[in-house]
Amino acid sequence: MKIKQIMKILEAEAIGAQRDNLDIKTGCGSDLMSDVLVFTRPGSMLLTGLTSRQVIYTASTAGVEAICFVRGKKPPEETIKLAEEKKIALMITNLPMFESCGRLYDKGLVGCSELAGASEK
Amino acid sequence: MKRKTWLFGTSGSTGKTKGRTRRPPRIQKTAKTQKTQQLSYELKIKEAMSKKVLTLKPNRTMMDVRKVLKDHRFTGIPIVESGRLVGIVSIEDLINCLTAGSMETMVKDIMTTKVVTLFSDEPLIHAINKFGSHGFGRFPVLDRDSKKLMGIITKQDIIECLLSTLQSLYHARESKKGNRYQVARLFADVPSDWTTLILKYHVKGGDFGKAGEKSDQLKGNLLKLGYADEQIRRLIISALEAEMNLVIFTSGGDMIAQIEPDKMTVKVIDDGPGIPDIELAMQPGYSTAPDFVRELGFGAGMGLPNIKNCTDEMKLESWPGKGTNLEFSVYS
């Protein structure tokens, strides 16, 4: 699913550099960074309520290409800067986590129900 | 009597080869030959042929043929008039004339006029097949419209063309990787019984602002060293979990990455509180992290199980009150 479409579904606003044509394959919603590391696949999108720099490090490590901050949480400048450095697209939606995930899932964005490393070993 | 076909080739194509190979060569469809086979369909004959061709006019004598063949060590020469190929004279024709003592004969009376040719816009596979079915050493190449002689193609030309194309494809793929070194090459350049590269990182305990930086730095280095993305991913997920553990639970510790061509190992050493019950700590969801850590999104009790899932080897030793040694590896 293209980022542009995702932004429309979530009524989200982009932060920093736009990457409209980025293609997102799977989605993951979590406020637990370890879960993100375990449950995401490269090429996915993360929905989270956390805005610290660790979110970007975690996303970058897990191969997450885009992050949507839910509940209208605006990340601090240092987080935005790090995301730009790691070429991770950022957006904010006012929707809460459950509804954000539900809308995307409903429109066909699948989850990453696969343990990290499980398929690669 | 004039021969109907001409033998005009490299060392292998004497009369013996004539008619020996009737079947076109079959290229076996293995993974290794697939690319070459694909190329032989994609490449055109004009890309492989030699464009510089020595020719003679039909009104020259066999003495002239002898000189050209001798000087250039050719085994045959195309006969051309006003840019058009009219025939071919081979070294066998020359030997026949020598034997008969008719070296003053004009080329046009000796030459073979039915010449097997190729067009410059045909795919290379046509040339390969023709070499197989005719047993000749080379074919003149004509322009399809003007029928003018454009070049000449030998088996050697085909091999050279395929090799250089494969090489440039390889280079194109290598340079796509950006400024990555090839770690295997680096190690091959400094031979020893055992070579390794050690990258040491110190992680400060309690410094949540910078937590994750060291793993990120290690990731950048591994990318530069040319490891595969998936292996880096598995190692760095583990390194990030281990780094967070150092930040959350200890007053600081070292992460030592040991790089070998076929294996990446990270040793995480701290002198923190230790893990009283390793079996319990390995259970997904078990955590002793304080609430403020959970608010940061960590401390969910997935760290150690996550490391175990992502790595090919994991060793955990801990001494309560003294510290913890964790070691994990990913094979490449």
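Okay, so let's go over this structure. Since this is a predicted model, take the numbers as computed values, not measurements.

This next bit is on the overall build of chain B. Along the backbone of chain B there are 13 helices and 10 strands. Put simply, chain B has 332 residues, and 34% of those count as buried. Within chain B, residue pairs in contact and separated by at least 24 positions form 66% of the contacts whose partners lie at least 6 positions apart.

When its secondary structure is counted, chain A shows 5 helices and 6 strands. Put simply, chain A has 121 residues, and 47% of those count as buried. The long-range share in chain A, meaning contacts at least 24 apart out of those at least 6 apart in sequence, stands at 54%.

All names here are of chain B. In contact at an axis separation of 9 Å, helix H10 (residues 229–249) and helix H13 (residues 303–310) are set at 160 degrees when each is read in the N-to-C sense. Here H10 is positioned roughly antiparallel relative to H13, judged by the angle of their axes. The interaxial crossing formed by H10 with H13 has left-handed handedness. Residue-level inspection shows Arg 234, Ile 237, Ser 238, Glu 241, Ala 242, Met 244 and Asn 245 of H10 in contact with H13, the latter providing Gly 303, Asn 306, Ile 307 and Cys 310. Class assignment for the residues of the contact of H10 with H13 results in 5 nonpolar, 4 polar and 2 charged.

What follows deals with the packing of helix H3 (residues 62–72) of chain B against helix H4 (residues 91–100) of chain B. Residues and elements named next belong to chain B. One can describe the packing of H3 onto H4 by two numbers: an axis separation of 10 Å at closest approach and a directional angle of 130 degrees. What the angle tells us is that H3 and H4 run oblique. In terms of crossing hand, the pair formed by H3 and H4 is left-handed. Judged by residue contacts, Met 62, Val 65, Arg 66 and Leu 69 of H3 engage Ile 91, Leu 94 and Cys 97 from H4.

On the side of chain B, 22 residues touch chain A, which itself brings 25 residues to the contact. Those elements that provide at least two residues to the side of chain A that touches chain B are helix H2 (33–39) and helix H3 (53–62) of chain A. Ranked by residue count, the leading element in the side of chain A that touches chain B is H3(A), at 8 residues. Of the residues belonging to the side of chain A that touches chain B, the class tally is 12 nonpolar, 8 polar and 5 charged.

The next point concerns the sheet that holds strand S8 (residues 263–270) of chain B. All names here are of chain B. Taken in spatial order, the 5 strands of this open sheet run S6-S7-S8-S10-S9, and their pairing is antiparallel. A single partner strand is all that each edge strand has here, and the edge strands are strand S6 (197–204) and strand S9 (313–319). Each adjacent strand pair in this sheet contributes to an overall mean axis angle of 10 degrees, direction not counted. With 8 bridges connecting them, S8 and strand S10 (residues 323–331) associate as antiparallel partners. If you follow Met 264 over to S10, its bridge partner there is Val 330. Each of S6, strand S7 (252–260) and S8 touches helix H9 (residues 213–225); the most contacted strand, S6, lies at about 165 degrees to it. Those strands touched by H10 are S6, S7, S8 and S10, and its axis lies near 0 degrees from that of S8.

A separate point is the nonpolar core. Among the nonpolar cores identified, the biggest contains 71 residues, and A:Ile67, A:Cys68 and A:Ile88 are the most heavily contacted of them. The element best represented in this core is H10(B), accounting for 12 residues. In this structure, A:Ile67 is in contact with A:Leu46, A:Thr48, A:Val55, A:Ala59, A:Ile88 and A:Leu90, ignoring residues within four places of it in sequence.

We now examine the environment of B:Ile153. Residue and element names in this part refer to chain B. Within the secondary structure, Ile 153 sits in strand S5 (residues 149–154). For Ile 153, a count of 25 C-beta atoms within 10 Å gives the class buried. For the pair Ile 153 and Pro 140, spaced 13 residues apart in sequence, the C-alpha separation works out to 6.4 Å.

Attention shifts here to the sheet that holds strand S5 (residues 89–92) of chain A. Residue and element names in this part refer to chain A. On the basis of which strands lie adjacent, the open sheet formed by 6 strands has the order S1-S5-S4-S3-S2-S6 and mixed pairing. In this open sheet, the two edge strands, each paired with only one partner strand, are strand S1 (13–15) and strand S6 (110–111). In this structure, strand S3 (residues 44–48) lies alongside strand S4 (residues 66–69), joined through 4 bridges in parallel fashion. Paired with Leu 47 across the bridge in S4 is Cys 68.

Parameters at a glance
Residue indices begin from 1 for each chain and proceed along its sequence in written order. Lettering of chains starts at A and numbering of ligands starts at 1, both following the order in which they are written. Selection of residues for local features in this predicted model requires a pLDDT of at least 70, selection of side-chain atom pairs for listing and counting requires 80 or more, and totals for whole chains, interfaces and linings are taken over all residues. Every helix listed is a DSSP run of H or I at least four residues long, and every strand listed is a run of E at least two residues long, numbered separately from the N terminus. Counting other C-beta atoms within 10 Å of a residue's C-beta gives its exposure: the residue is buried at 20 or more, exposed at 12 or fewer, and partly exposed in between, where C-beta atoms are placed from the backbone. Contact definition: two residues whose C-beta atoms, as placed from backbone geometry, lie within 7 Å. The angle between two axes is taken between their N-to-C directions and runs from 0 to 180 degrees, where each axis is a line fitted to C-alpha atoms and a helix contributes only its stretch in contact. Under this scheme an angle from 65 to 115 degrees is roughly perpendicular, one under 35 degrees roughly parallel, and one over 145 degrees roughly antiparallel; angles in between are oblique. Working rule for handedness: look at the near helix, and if it is turned counterclockwise from the far one by less than a right angle, call the crossing left-handed; if clockwise, right-handed. Side-chain classes follow a simple rule in which Ala, Val, Leu, Ile, Met, Phe, Trp, Tyr, Cys and Pro form the nonpolar group, Asp, Glu, Lys and Arg form the charged group, and the remainder, Gly included, forms the polar group. Strand pairing requires that DSSP identify at least two bridges connecting the strands. By definition, a nonpolar core groups buried Ala, Val, Leu, Ile, Met, Phe, Trp, Tyr and Cys residues that connect through C-beta atoms lying within 7 Å of each other.

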